[in-house]
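Structural overview
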Amino acid sequence: MTTIAVIGAGPGLGAAVARRFGREGFDVALVSRNHERTRALAEELTAAGVTARGFAADVRDPKALAAALDTAHSELGPIEVLQYSPVPQRDFMLPVLETTHIDLVGPIEFSVYGPVAAVQQVLPGMRALGRGTVLFVNGGSAVVPHPDRAGTSVAFAAESAYGHLLHDTLAAEGIHVAQLIIPGAIVPGHPRKDPAVLADTLWELHRSRHGYRHYADDLDA
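Computed from a prediction, not measured in an experiment: that's the story for all the values here.

Overall, parallel pairing links the 7 strands, which are arranged β3-β2-β1-β4-β5-β6-β7 in an open sheet. Two strands lie at the open edges of the sheet, namely β3 (52-56) and β7 (213-215), each paired on one side alone. Strand-to-strand twist in this sheet, taken as the mean axis angle between neighbours without regard to direction, amounts to 20°. Pairing between strand β1 (residues 3-7) and strand β2 (residues 27-32): 5 bridges, direction parallel. Bridge pairing in β2 links V6 to L30. Contacting β2 and β3, helix α2 (residues 35-47) crosses the sheet at an angle of about 175° to β3.

We now examine the environment of A16. Mapped onto the elements of the fold, A16 is located in helix α1 (residues 13-23). Residues A16 and T99 lie 83 residues apart in sequence; the distance between their C-alpha atoms is 34 Å. In contact with A16, not counting residues within four places along its chain, are P195, A196 and A199.

Moving on, we get to helix α4 (residues 105-129). Its 25 residues give α4 an end-to-end C-alpha distance of 35 Å, which sits within 8% of 36 Å, the value for a rise of 1.5 Å per residue. Approximately 35° is the largest bend angle found in α4, and it occurs at L123, with the proline P124 only one to four residues beyond. Positive phi appears at G130, one or two residues downstream of α4, with a value of about 85°.

About the criteria used
- Residue positions are counted from 1 within each chain, in the order its sequence is given.
- Reporting in this predicted model follows two pLDDT cut-offs: at least 70 for local features of residues, and 80 or more for side-chain atom pairs to be given and counted; totals over whole chains, interfaces and linings ignore these cut-offs and use all residues.
- Water and hydrogen atoms were dropped before computing side-chain values, which therefore reflect all heavy atoms in the structure.
- Whether two strands pair comes down to DSSP finding at least two bridges between them.
- Helix numbers and strand numbers start at the N terminus; a helix is a DSSP run of H or I with at least 4 residues, a strand a run of E with at least 2.
- Convention adopted: a line fitted to C-alpha atoms gives each axis, helices being fitted over their contacting stretch, and angles between N-to-C directions are expressed from 0 to 180 degrees.
- For this analysis, residues touch if any pair of their heavy atoms sits within 4.5 Å.
- Here a helix's expected span is defined as the number of its residues, less one, multiplied by 1.5 Å.
- At every residue, the bend is computed as the angle between two fitted axes, covering the seven residues ending there and the seven beginning there respectively.

As structure tokens, this is what we get:
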């Protein structure tokens, strides 16, 4: 069986996606800079019958992220699905007129260098399999820039462009790239933005392999 690697795995969406894909027979690699969290989540999944491992890496450190994915491949097997969904830091979200070029370094490392490093690491394995899926998860500012969240607005737009280029370029190789836009917060119990509902949506994006950009809810929700 192949593996899903969840970058930015946490107790909400990351855990829900791990359970959803685990039910379908995927092994799960959980990647986060908080190794205690990923290890604890891996133990919960293992107790539920899902093969899972936790790995530590900061997405702003491309070498560490690539090394974590390489170790995941070695321990769990080929990575067929890559989900990139870390939650941006609050200091990325400054008003546009207060945002200097230095303030953009973190968001760009987080939302551009990180995804590029992750995709480059897993792409050879996907090509060897003859199939693969890359899932980018972003907030609404990836589509409608917000003047009070300049860093993420700029960086998410760049991540979106990169993902769209991948979508167009890799489709002929059997590798599907999709983006899920989640406007506002992830809300337990919400009919469209509950973590389990979003995990079902991401599973369907992997399964249906149709189109690049998808919306979990209306942008003004």
